[in-house]
Amino acid sequence: MNRTGAAIVATGKEFLRTPVVLALLVFLPAYFVWLLGAVLPSTPVAVSLPGLTVETTLAHGVLPMLATLAAAMVVGITGLFLTVRSLDADGWLLLAGLPTRTLFFARTVVLTVAAVVASVAATVVLSVHVVPDQPALFVVAVLVLALTYGLAGAVVGVVLDRLAGVYVMLFAPAVDLFLFHSPLATETPEWAAVFPGRWAGVAATDAALTVDPNWGALAVGIGYAGVAAVTAAVAVRHAVKP
């Protein structure tokens, strides 16, 4: 096995030693979406999407956003914990001759797997109440946003301690998706476009409620994920001390 494969396996084993976080990847999105899907009424509402308004019910309009929010929150916290737990070990691995880029790549692979698990879990439970019009695109959009927040969690893990970081990774996606980019929001400030939910989050909502893919928003969302990856790589590189 080459060094990259060994780093991925080692990171995976380290991640599996945190069963609470592992369980949250499936349990939190599933429980969150299932519970709210069971209690939200079928009140008619108008959902605002870029360029159009969709008439639907409250449950159908809100649940896709809540599924996206749950996945973003739990993967963001996963990225935080993965970074906090691995910084000291990375220093020793760096001394042993493993490049920082290999270490970061291994962390990103494991974080991507976590994002896939959370996104699929949220989508499966969402489908019990609301079947997305474009299920494959919905999963991809949720995955992109969840991974973006997971990488943001890695940056937060470098800057803050675990407790403060958890608060940030709960608060930031909630403000992004629930306040600024909720499908029920009628007036979103222009500067809120700096949040990733404006792109991958909106693409996910479009995929859930319409048959027309919002490729532009998804493409920008993927670009945000790339920027988050570069930022996280630089932050982790400077934080690791041999």
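Predicted model only: the values in this text are computed from it and were never measured.

1. Considering the overall build of the chain
And step 1. A tally of helices and strands in the chain yields eight helices and two strands.
And step 2. Listing every helix and strand of the chain by position from the N terminus yields α-α-β-β-α-α-α-α-α-α.
And step 3. Buried residues in the chain amount to 51% of all 242 residues.
And step 4. Here the chain displays about 11200 Å² of accessible surface, and carbon together with sulfur accounts for 71% of that area.

2. Thoughts on empty space enclosed by the protein
And step 1. Taken as a whole, this structure holds three cavities of 30 Å³ or more when the rule is applied.
And step 2. Thr83, Phe104, Arg107, Ala154 and Val236 are, among the twelve residues lining the largest cavity, the residues nearest its centre.
And step 3. Mapped by element, the contributors of at least two residues to the lining of the largest cavity are helix H3 (58-95), helix H4 (100-129) and helix H5 (135-159).
And step 4. Partitioned by chemical class, the residues of the lining of the largest cavity number six nonpolar, four polar and two charged.

3. Things to note about the layout of surface pockets
And step 1. Taken as a whole, the largest pocket holds about 340 Å³ of empty space.
And step 2. As for the largest pocket, its lining consists of 18 residues, of which Phe180, His181, Thr188, Arg198 and Val202 are closest to the centre.
And step 3. Among the secondary structure elements, those contributing two or more residues to the lining of the largest pocket are strand S1 (44-49) and helix H7 (200-209).
And step 4. Of the residues that constitute the lining of the largest pocket, the class distribution is nine nonpolar, six polar and three charged.
And step 5. Put simply, the second largest pocket is a space of about 210 Å³.
And step 6. Thr148, Tyr149, Ala152, Val155, Val194, Phe195, Pro196, Tyr224, Val227, Ala228 and Thr231 together form the lining of the second largest pocket.
And step 7. Elements represented by at least two residues in the lining of the second largest pocket include exactly H5 and helix H8 (215-239).

4. Points about the packing of H5 against H7
And step 1. It is the contact of H5 with H7, at a shortest axis distance of 8 Å, that shows an interaxial angle of 160 degrees. Classified by the angle their axes make, H5 and H7 are roughly antiparallel. The crossing of H5 and H7 is left-handed. Across from Leu137, Phe138, Ala141, Val142, Val144 and Leu145 in H5, the residues of H7 making contact are Ala200, Gly201, Ala203, Ala204, Ala207 and Ala208.

5. What to know about the packing of aromatic side chains
And step 1. Considering all chains together, one arrives at two aromatic pairs under this definition.
And step 2. Arranged with centres 5.0 Å apart and planes meeting at 80 degrees, the rings of Phe180 and Trp191 form a pair that is edge-to-face. Of the two residues, Phe180 is situated in helix H6 (residues 162-180) and Trp191 in the loop between H6 and H7; the sequence distance between them amounts to eleven residues.
And step 3. Ring geometry for Phe180 against Phe195: centres 5.4 Å apart, planes inclined by 50 degrees, an arrangement best described as tilted. Placement of Phe180 in helix H6 and of Phe195 in the loop between H6 and H7 is noted, with a sequence separation of 15 residues between them.
And step 4. On the basis of relative accessibility, which here comes to 13%, the residue Phe180 falls in the buried class.
And step 5. Connected via pairs of aromatic rings, a cluster forms that spans Phe180, Trp191 and Phe195.

6. Details of the UniProt feature "transmembrane region" (unreviewed entry) in the chain
And step 1. With numbering matched to this structure, UniProt assigns "transmembrane region" (unreviewed entry) to residues 20-41, 61-84, 104-130, 136-159, 166-184 and 215-236.
And step 2. Between the C-alpha atoms that bound residues 136-159 there is a distance of 35 Å. The span itself is 100% helix and 0% strand.
And step 3. This span, residues 166-184, is 79% helix and 0% strand, and a straight line between its end C-alpha atoms measures 27 Å.

Rules of the game
- Residues numbered from 1 in each chain as written.
- Predicted model: local features only at pLDDT ≥ 70, side-chain atom pairs only at ≥ 80, totals over all residues.
- Heavy atoms only, no water.
- Helix = DSSP H or I, 4+ residues; strand = E, 2+ residues; numbered from the N terminus.
- Buried < 20%, exposed > 50% of the residue type's maximum accessible area, 1.4 Å probe, protein only.
- Areas by Shrake-Rupley, 256 points an atom, 1.4 Å probe, with all protein chains shown as cover.
- 1 Å grid on protein atoms, 1.4 Å probe; cavity = no way out; pocket = protein on both sides within 12 Å on 5 of 7 lines; lining within 4 Å.
- Points joined across faces, edges and corners; volume = space filled by probe spheres on them.
- Nonpolar A, V, L, I, M, F, W, Y, C, P; charged D, E, K, R; others polar.
- Axes fitted to C-alpha atoms, helices over the stretch in contact; angles between N-to-C directions.
- Parallel < 35°, antiparallel > 145°, perpendicular 65-115°, else oblique.
- Left-handed = near helix turned anticlockwise from the far one by under 90°.
- Contact = heavy atoms within 4.5 Å.
- Phe/Tyr/Trp six-rings, centres within 6.5 Å; stacked < 30°, edge-to-face > 60°.
- UniProt positions renumbered as here; feature names shortened; annotations may be inferred.

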